[in-house]
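Residue-level structural notes
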Amino acid sequence: MVKMEDLVLRSLLADTLDPEPRSQPGPGEHLAAVLVPIVEDQDPWVVFTRRADELPRHAGEISFPGGLSHTVDAVLRDTALRETEEELGLSPSEVDVLGALPAVHTFVSSILIVPFVGMLRPGPTFAPNAGEIAEVLQYPLVQLADAEREVELPRGDHVYRGFAYEMQDNTIWGATAFILHSLIEIVRKEQS
């Protein structure tokens with residue numbers, strides 16, 4: 001069971017995460033960055049988005065705010081913050097970025113995702129962009145850890161093998177689940 005107060009979690013993550021990731025996409029891959037927002041509370045919460053059903057890629061899926069890197073972004077962290085502001089209306093000044101988790105490759109989309117972890121003060125206000133975000137979801141980190149399962153899920157012409165989290169009527173899977181698993185593993189290792 002994962003149980004950790006926000007100050008201990010903040011310190012652990014700051015000591016563990018990569019402050020300046022230098023990820024290079026492979027041939028044919030695109031580089032992207034996401035933000036893993038954690039709301040500081042007695043029991044920290046993780047924030048997710050449900051992508052709008054009209055989007056051309058990953059429509060209706062649960063994800064972290066983020067997107068492809070553009071040349072206007074000086075560093076990859078800027079991509080995660082820019083996209084979070086576009087998708088959730090959350091100003092970069094409201095996010096304390098602690099560093100990055102290991103990058104995740106998406107084989108279906110050919111994207112290398114660099115996930116940055118950012119702490120938010122309790123009670124953040126979100127203004128989701130209706131063209132991109134159908135819903136903002138928040139789950140306690142401890143409940144996510146308890147829900148983690150290894151699964152095989154048929155998805156189109158392939159089978160997804162990895163982690164999944166059943167949270168009420170939502171299933172977190174795919175790259176988002178691999179990113180979440182990396183976060184939870186940091187906490188589990190600290191407690192063992």
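Throughout what follows, the structure given in this document is the object of discussion. Keep in mind it's a predicted model, so treat the numbers as computed, not measured.

**Considering unusual backbone geometry**
For Q168, which is not glycine, the phi dihedral falls at a positive 55°. Here Q168 shows up in the loop between strand 10 (158–167) and strand 11 (170–172). Accessibility expressed as a relative area gives 68% for Q168, which makes it exposed.

**Side note on the packing of aromatic side chains**
This structure, assessed with the given rule, holds 5 aromatic pairs. A ring pair is formed by F48 and F64, whose centres lie 4.9 Å apart and whose planes are at 25°; its orientation type is stacked. In this pair, F48 is assigned in strand 2 (residues 45–51) and F64 in the loop between strand 3 (62–63) and strand 4 (66–68), connecting sequence segments 16 residues apart. By the burial criterion, F48 is buried, and F64 matches it. Relative to F178, the ring of Y160 has its centre 6.1 Å away and its plane inclined at 80°; by these criteria the two rings are edge-to-face. With a gap of 18 residues between them, Y160 in strand 10 and F178 in helix 4 (residues 174–191) connect regions that are remote in the sequence.

What counts and how
Residues numbered from 1 in each chain as written. Predicted model: local features only at pLDDT ≥ 70, side-chain atom pairs only at ≥ 80, totals over all residues. Heavy atoms only, no water. Helix = DSSP H or I, 4+ residues; strand = E, 2+ residues; numbered from the N terminus. Buried < 20%, exposed > 50% of the residue type's maximum accessible area, 1.4 Å probe, protein only. Phe/Tyr/Trp six-rings, centres within 6.5 Å; stacked < 30°, edge-to-face > 60°.

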